[in-house]
Amino acid sequence: MSKNVIVGQSGGPTSVINSSLAGVFKTAKDLGADTVYGMRNGIQGFLEKRIVDMSEKIRTDLDLELLKRTPSAFLGSCRYKLPEINDNRELYDKIFDILKEYDITAFFYIGGNDSMDTIKKLSDYAILINSPIRFMGVPKTIDNDLAVTDHTPGYGSAAKYIASVSKEIIRDGLVYDIKQITVIEIMGRNAGWLTGAAALASCEDCEGVDLIYLPELPFDVDAFVEKVGELFQKKNSIVVAVSEGIKTADDKYIFELTEHTEYVDSFGHKQLSGTARYLATLISEKFNCKSRAIELSTLQRCAGHMTSRVDITEAYQVGGSAVKAAFEGETAKMVILKRVSSDPYICTTDLYDVHKIANVEKKVPLEWITENGTNVSEDFVNYIRPLIQAELTPIMITGQPRHIVIDRESL
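Residues numbered from 1 in each chain as written. Predicted model: local features only at pLDDT ≥ 70, side-chain atom pairs only at ≥ 80, totals over all residues. Heavy atoms only, no water.

Some remarks on a nonpolar patch on the surface
For clarity, the threshold we go by: Think of a patch as exposed residues, more than 30% relative accessible area, with no salt bridge, where like charges cluster within 9 Å and nonpolar side chains (Val, Leu, Ile, Met, Phe, Trp, Tyr) cluster within 5 Å. Where accessible areas are quoted, they stem from the Shrake-Rupley method and a 1.4 Å probe; at the residue level, only the protein chains shown are allowed to cover. Basic side-chain nitrogens of Lys or Arg form a salt bridge, by our definition, when they fall within 4 Å of a carboxyl oxygen of Asp or Glu. For the purposes of this entry, the term helix denotes a DSSP run of H or I that reaches at least four residues, the term strand denotes a run of E that reaches at least two, and both are numbered from the N terminus.
Taken together, the side chains of V175, Y176 and I178 present a nonpolar region at the surface, about 310 Å² in accessible area. By the secondary structure assignment, Y176 is in the loop between α6 (155-173) and β6 (180-186).

Here it is, written out as structure tokens:
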């Protein structure tokens with residue numbers, strides 16, 4: 001019987017998503033897979049039969065190591081929402097016809113919430129038509145909002161980057177003896193896991209950011225202005241970290257209070273941008289001070305030079321665990337990370353029903369946010385600190401990180 005498998009990447013990239021891809025590829029080959037196929041640009045590219053043989057791209061151990069350390073999505077990604085099965089059975093028939101054409105026995109999808117929705121629907125259709133193909137989800141998202149798993153690969157490295165640049169921004173603000181505010185805008189639509197990572201900047205050589213606002217609580221603009229005014233009485237330079245998705249009590253995004261371009265993706269998600277710019281301008285006008293808005297944007301998710309060794313190792317492990325489970329007959333599952341201990345840090349992998357994970361969003365517990373809503377608790381810091389430990393530096397060539405890239409002909 002054939003042991004051809006296929007793997008794809010979906011959603012926003014991370015600095016360690018390719019480590020999961022490497023884990024899938026290496027484990028599948030070690031366990032006897034005949035061919036490991038890669039789908040270009042996820043399920044969307046798969047439907048167009050843009051499929052590559054991974055062995056033609058990853059030929060040596062050095063290639064595999066470069067893949068692990070290359071940020072972003074090697075195979076390319078997509079934001080493609082599969083319809084409900086009953087709404088378009090012809091599409092699902094097409095997918096399974098292509099799987100049959102390539103003699104696929106196992107399908108792996110590396111991604112976040114929307115990707116797990118894809119695994120759920122495909123595994124449901126496999127049961128419906130009595131297909132033996134196994135479908136496994138490999139967790140990935142810097143947002144850390146996947147249910148059940150303790151955390152998601154990609155989050156630790158993004159948090160490490162956010163904490164590090166927050167410290168550097170704070171240092172920069174101390175250069176001049178003038179009143180100024182810097183507002184750092186950090187990714188996070190509904191969950192503040194990333195923004196909370198800015199709290200890690202507070203340590204023995206840094207006083208930390210002054211205010212942290214997460215989307216789990218309503219944002220009061222007037223209270224924010226008042227709080228900044230109080231801080232200006234004590235210090236000149238103020239640094240604030242805000243989630244891009246903070247909203248007012250009447251459910252209006254802060255970035256919508258100013259002029260903005262509205263873009264909505266296939267999953268109905270608005271593009272969020274401009275929150276920091278609005279708040280920095282507001283404070284500048286209110287207190288006649290210098291202001292700066294810094295949007296970390298894509299920098300926080302693809303900073304391969306700031307990768308956490310814990311993170312990249314776990315990313316590789318979840319990829320390998322998904323393959324082992326599929327080869328043992330598991331399907332419709334996602335690999336999860338289970339924390340055994342925080343000190344010393346010990347984490348293992350397990351499996352969980354993807355139906356109980358897909359479309360369920362994990363937010364920061366309210367008890368991990370301070371009572372006044374302007375910071376996170378020590379419990380939050382203790383949760384995240386183990387995930388940013390150690391480094392795996394890029395392979396440097398002529399002073400720059402060397403990446404492995406897929407040829408343009410495969411696009």
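With respect to the environment of L64
So the rule is basically this: We call two residues in contact when some of their heavy atoms are within 4.5 Å.
Turning to its location among the elements, L64 is positioned in helix α3 (residues 61-69). The sequence separation of L64 and R134 amounts to 70 residues, and the corresponding C-alpha distance is 25 Å. The residues touching L64, leaving out its near neighbours within four places in the chain, are A22, F25, K26 and I58.

Description of the sheet that holds β6
Note the threshold: For two strands to pair, DSSP has to find at least two bridges joining them. As a rule, the C-alpha atoms of each element are fitted with a line to give its axis, helices using only the stretch in contact, and angles between N-to-C directions run from 0 to 180 degrees.
With parallel pairing, 4 strands are arranged side by side in an open sheet as β7-β8-β6-β9. In this open sheet, the two strands that pair with only one neighbour each are β7 (211-213) and β9 (290-295). Recorded for the sheet is a direction-independent mean angle of 15° between the axes of neighbouring strands. As judged from the 3 bridges shared by β7 and strand β8 (residues 237-243), these two strands associate in the parallel manner. Residue pairing in the sheet places Y213 in a bridge with V242 of β8. Those strands touched by α6 are β6, β8 and β9, and its axis lies near 165° from that of β6. Its contacts with the sheet place helix α8 (residues 221-232) against β6, β7 and β8, and it is angled at close to 165° to β7.

Focus: the pattern of salt bridges
Spelled out, the test is: Think of it in three bands: with a 1.4 Å probe and only protein chains considered, a residue is buried below 20% of the maximum accessible area for its type, exposed above 50%, and partly exposed in between.
The full count for this structure, using the stated rule, is 17 salt bridges. We note a salt bridge from E65 to K68, for which the minimum N-O separation is 3.9 Å. Of this pair, E65 and K68 are both found in helix α3, 3 residues apart, which corresponds to roughly one turn of the helix. Judged by its relative accessible area of 24%, E65 is partly exposed.

Section: the nonpolar core
The cut-off we apply is this: For the purposes of this section, nonpolar cores are sets of buried Ala, Val, Leu, Ile, Met, Phe, Trp, Tyr and Cys residues that join through side-chain atoms within 4.5 Å.
Core analysis: the biggest nonpolar cluster contains 40 residues, and Y155, I186, W193, L194, F380 and I384 have the highest contact counts within it. Elements with a contribution of two residues or more to this core: α6, β6, α7 (193-196), β8 and α11 (378-384). A total of 9 residues in this core trace back to one element, the largest contributor, which is α6. Sequence-distant contacts of F380, that is, excluding residues within four places in its chain, are made with Y155, G192, W193, G196, A197, V364 and W368. Of all hydrophobic cores here, the second largest spans 34 residues; its members include I43, L47, F96 and M116.

In short, the description is geometric, and any link to function would need to be established separately.
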